[in-house]
Amino acid sequence: MSLRHNRTQKQDFHEYDGQMSDNDIVRAILKGNKDEFRKLIEKYQQSIFRTCLGYVHHIDDANDLTQETFISAYQNLHKFRFESNFSTWLYRISINLSLNFLRRKRLNLFDRLESIIESSSFKSNLEPGNYLNPEEVIIEKEDRIIVWNEIEKLSDKQKTAFILSKYDNKSQKEIAEIMNLTEGAVESLLQRARTNLQKRLSKYFKKK
Amino acid sequence: MNCSVCQENLKDYLTGSLPEDMQIQMLDHLRECGECHVIYSTQLLTEKVIATEASEWSDSFLATRVLAEIEALEKRSHVSPDFSVLKRILQPAIVVTSIAAAIVVGILIGNLYSKTLHSNVVPEELVLLDDNSIESLNLIITENN
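Nothing here was measured: the structure is a model prediction, and the numbers come from that model.

1. Quick look at the packing of helix α1 (residues 22-30) of chain A against helix α2 (residues 37-56) of chain A
Residues and elements named next belong to chain A. Direction vectors running N to C along α1 and α2 enclose 140°, while the axes themselves pass 9 Å from each other. Residue-level contacts link D22, I25, V26 and I29 of α1 to F37, K39, L40, K43 and Y44 of α2. Broken down by class, the residue content of the contact of α1 with α2 amounts to 6 nonpolar, no polar and 3 charged.

Right under this line is the structure:
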């Protein structure tokens, strides 16, 4: 089984006018042609959705955050200075909204209790022997919750770098631009994220 | 194969991009080495969970919903008058007026208090008393005796 994401679009979308760059579209919108905004939404909605999903692991919440990202981008379009790519700016909005969402969720007592209850009900499905043949591995719900919880425990920076890399297949250069860091710093964040996840997830496995 | 080589090649092993003989060596090592097996299993689990999640699709009507929401927000901002300018002028004016009013009230209260304390009006009980006609205590004591 291929572990690469299936990137083919299954829904139809309007043909993106390849002659207009993102900046051209933004300028057109700022001049009053707000229908052009649809082109930007259709171009970036799936990427932004995947990024948000990496934070919240809930499809409805991810859709809401994606919607909020584009609305916020539209309302603040006059503040876009054309110094970075529009997509970089858009990702920063979605990352901030997602992190704020997670902070609010942590403050909510019921959400905290729910995640504690879910964590404590982990069954030991994670037998290492089952994983020798990847094609035969079926991911149980408890396995997903384990991984999601451990991703959430990463620091905000490690989590952001990890999600952009794994959920949206961003290169280190693209991640560095979005997070306003050097590529070396991004590499370090990714390495630490992988090491931390490795350490924490391995305790769920029985050793041979 | 040793653990170091195995762990270096785990990523390629997961994606099946190693040459066949290397794949077999990796598999043999993973069957024998518990530590490498745990590392491999956690990586595989993480990759699978993420791949499953990342294959989800966003709402196909999202663009329509966003544009509808933007239009609704714009309509709301046009309907309500822009009080921001008035607010910017009125707020400091209200603050200054409140402080001035507090000062005036304070002065008035202060004035009332001091009038009461230093009043020249003599209470009724004392009106009849005249210093000159008050008999000395000595005289009273002498008469009673």
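Here the narrative resumes.
2. A closer look at helix α3 (residues 20-32) of chain B
Residues and elements named next belong to chain B. Taking 1.5 Å per residue, 13 residues should reach 18 Å; α3 reaches 19 Å between its end C-alpha atoms and fits that length. Three or more residues of α3 are buried, namely M22, M26, H29 and L30. Considered in projection along α3, the buried side chains sweep an arc of 100° and stay on one side of the axis. In α3, those exposed residues whose orientation departs by more than 90 degrees from the buried face are E20 and E32. Taken together, the buried residues of α3 touch α1 (3-8), α2 (10-15) and α4 (34-54).

3. Focus on the packing of aromatic side chains
All names here are of chain A. Counted by the stated rule, this structure contains 8 aromatic pairs over all chains. Relative to W89, the ring of F80 lies with its centre 5.2 Å away and its plane at 45°, an arrangement referred to as tilted. The exposure classification of F80 matches that of W89, with both residues buried. Here a set of aromatic residues connected by ring pairs shows up, and it is made of Y44, F80, F82, F86 and W89. Over the ring of F82 we find R27, and its NZ or CZ is 4.4 Å from the ring centre.

Calculation notes
Residues numbered from 1 in each chain as written. Chains lettered and ligands numbered in written order. Predicted model: local features only at pLDDT ≥ 70, side-chain atom pairs only at ≥ 80, totals over all residues. Heavy atoms only, no water. Axes fitted to C-alpha atoms, helices over the stretch in contact; angles between N-to-C directions. Helix = DSSP H or I, 4+ residues; strand = E, 2+ residues; numbered from the N terminus. Contact = heavy atoms within 4.5 Å. Nonpolar A, V, L, I, M, F, W, Y, C, P; charged D, E, K, R; others polar. Expected span 1.5 Å × (residues − 1). Buried < 20%, exposed > 50% of the residue type's maximum accessible area, 1.4 Å probe, protein only. Arc of directions from axis to C-beta. Phe/Tyr/Trp six-rings, centres within 6.5 Å; stacked < 30°, edge-to-face > 60°. Lys NZ or Arg CZ within 6 Å of the ring centre and 35° of its normal.

In short, geometric facts, not functional conclusions.
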